[in-house]
Amino acid sequence: MADYHNQFDDLERDLCEGLVARPAPEGFAGKVLARVANQEAKESLPALFLHWRSALAAVLIAVALVTTGFWQHQRRQRIAGERARAQVMLALHITSNTLDSILQRQIQHPVKEAQP
Amino acid sequence: MRHKFAAIAFIAAMLPCAAARAQNNSHFPITLQKELTARASNYTEVNLDRSMLAFASHFMDKDKDAAARNMIQKLNGVYVRTYEFDKPGQYSAADLAAIRRQFETTDWKPMVRDHSRNGSSDSDIYMKTEGGEILGMFVLNAEPQELDFVYISGPINLDDLSEIGGNFGVPKLRNRSDSATGGSK
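Scoring rules and cut-offs
- Residues numbered from 1 in each chain as written.
- Chains lettered and ligands numbered in written order.
- Predicted model: local features only at pLDDT ≥ 70, side-chain atom pairs only at ≥ 80, totals over all residues.
- Helix = DSSP H or I, 4+ residues; strand = E, 2+ residues; numbered from the N terminus.
- Contact = placed C-beta atoms within 7 Å.
- Buried ≥ 20, exposed ≤ 12 C-beta atoms within 10 Å, placed from the backbone.
- Core = buried A, V, L, I, M, F, W, Y, C linked by C-beta atoms within 7 Å.
- Arc of directions from axis to C-beta.
- Pairing = 2+ DSSP bridges.
- Axes fitted to C-alpha atoms, helices over the stretch in contact; angles between N-to-C directions.
- pLDDT = per-residue confidence, 0-100.

A. The arrangement of the overall build of chain B in detail. When its secondary structure is counted, chain B shows seven helices and six strands. The secondary structure elements of chain B, listed N-terminal to C-terminal, are α-α-β-α-α-β-α-β-β-β-β-α-α. Restricting the contact set of chain B to residue pairs at least 6 apart, pairs at least 24 apart contribute 56%.

The following block contains the structure:
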């Protein structure tokens, strides 16, 4: 029974000692506030970074689309231009050939009727 | 005021018609195309209006195609038709006469008329001249199994044309004096 009382006393003493109000170390509140602020900043940075990354990706996609469209347009224009050039060359070739064959015929058979 | 609006509306309505008519003037004038195409075993049609010629000139080499480039830049249109037939008799003398009649106007002058007696080959070159300047050329070359038409609308320099002749593997066009010399041998 005496042991039980002794233990109880010890516990009471420990409790009293433990519950004594002690002042916080100097700068404790400042450190806590600084840590909270730091943690908030760390949490908000990836969101901001993600936002900018999305914007950059959107801009790059837009630039790629515009460049591809322009390149396709230029390619189509070049193909059409080459085709037009080939047609001009064919037309001039036929013209030249036809005129030449007429002149060749005139060389072989002198001109029968011509007006200057 | 109402009359003024009516006049403006009338002019606005007539402008597209005038533009269309102006464009039609430079179109290929031959009327027998469908019939000839149906009878031909092989045919080539080239239609190049002013805008197409201008577009093509941007893709021509400034040095290599200089002569052709210089020539087509001034033209309103180049229209070419060649028809090849399996056998003779696919077109008649009346067909050719009908085509020639289209150029027997005061604007057009026949420069060359070479008609064989047996009808084996006919050649005509018509020029449209104004103030000493050639503004158009029509060439008809008829052989038993081939018909060729060339219609060039716009100012033509014969020297340019001759220059082009030497550029396509085709012998350079000879002057008329050379032809006469060659023919009289």
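B. Geometry of the overall build of chain A. On a plain count of helices and strands, chain A comes out with two helices and zero strands. Here chain A, with 116 residues, has 12% of them falling under the buried criterion.

C. Molecular detail of the nonpolar core. Among the nonpolar cores identified, the biggest contains 39 residues, and Val88 and Ala91 of chain A together with Val78 and Val139 of chain B are the most heavily contacted of them. The set of elements that each furnish at least two residues to this core consists of α2 (28-108) of chain A together with β1 (42-49), α3 (50-57), α4 (66-72), β2 (77-84), β4 (122-130), β5 (133-143) and β6 (146-153) of chain B. Counting residues per element, this core draws most heavily on α2 of chain A, which supplies eight residues. Not counting residues within four places of it along the chain, the set of residues in contact with Val139 of chain B comprises Thr98 and Leu99 of chain A together with Ile125, Phe149 and Val150 of chain B.

D. α3 of chain B, seen in detail. Among all positions in α3 of chain B, only Leu53, Ala56 and Ser57 of chain B are buried. For α3 of chain B, the arc enclosing every buried residue in end-on projection is 100°, short of the 170-degree limit, so these residues lie on one face.

E. Structural view of the environment of Ser123 of chain B. Mapped onto the secondary structure, Ser123 of chain B falls in strand β4. Residue classification places Ser123 of chain B among the buried positions, given that 23 C-beta atoms sit within 10 Å. Sequence-wise, Ser123 of chain B and Val112 of chain B are eleven residues apart; in three dimensions their C-alpha atoms are separated by 7.2 Å. If sequence neighbours within four positions are ignored, Ser123 of chain B has contacts with Ile102 and Arg105 of chain A together with Val112, Asp114, Leu140 and Asn141 of chain B.

F. Spotlight on the sheet that holds strand β3 (residues 108-115) of chain B. Residues and elements named next belong to chain B. Reading across the sheet, the six strands line up as β1-β2-β6-β5-β4-β3 and stay open at both edges, with antiparallel pairing between neighbours. The open sheet terminates on both sides in strands that have one partner only, identified here as β1 and β3. Ignoring strand direction, the axes of neighbouring strands in this sheet form an average angle of 5°. Taken strand by strand, α3 contacts β1 and β2, and its axis lies near 85° from that of β1.

G. Focus on the confidence of the model for chain B. All names here are of chain B. For chain B, the mean per-residue pLDDT works out to 77, and 74% of the residues sit at or above 70. Here helix α7 (residues 176-183) stands out as the least confident element of chain B, with mean pLDDT 35; β2 is the most confident, with 93. Counted against residues more than four places away or in other chains, residues 14-25, with its pLDDT under 50, gives zero contacts. Predicted complex, confidence summary: ipTM 0.71, pTM 0.65.

H. Structural detail: the pairing of β2 of chain B. All names here are of chain B. Counted residue by residue, β2 has seven buried out of eight residues, so it is predominantly covered. Inspection of the sheet shows β1 paired to β2 by eight bridges, in the antiparallel sense. When the sheet's bridge partners are listed, Leu48 is paired in β2 with Val78. With eight bridges joining them, β2 and β6 adopt antiparallel strand pairing. By the bridge assignment, Arg81 is partnered in β6 with Phe149.

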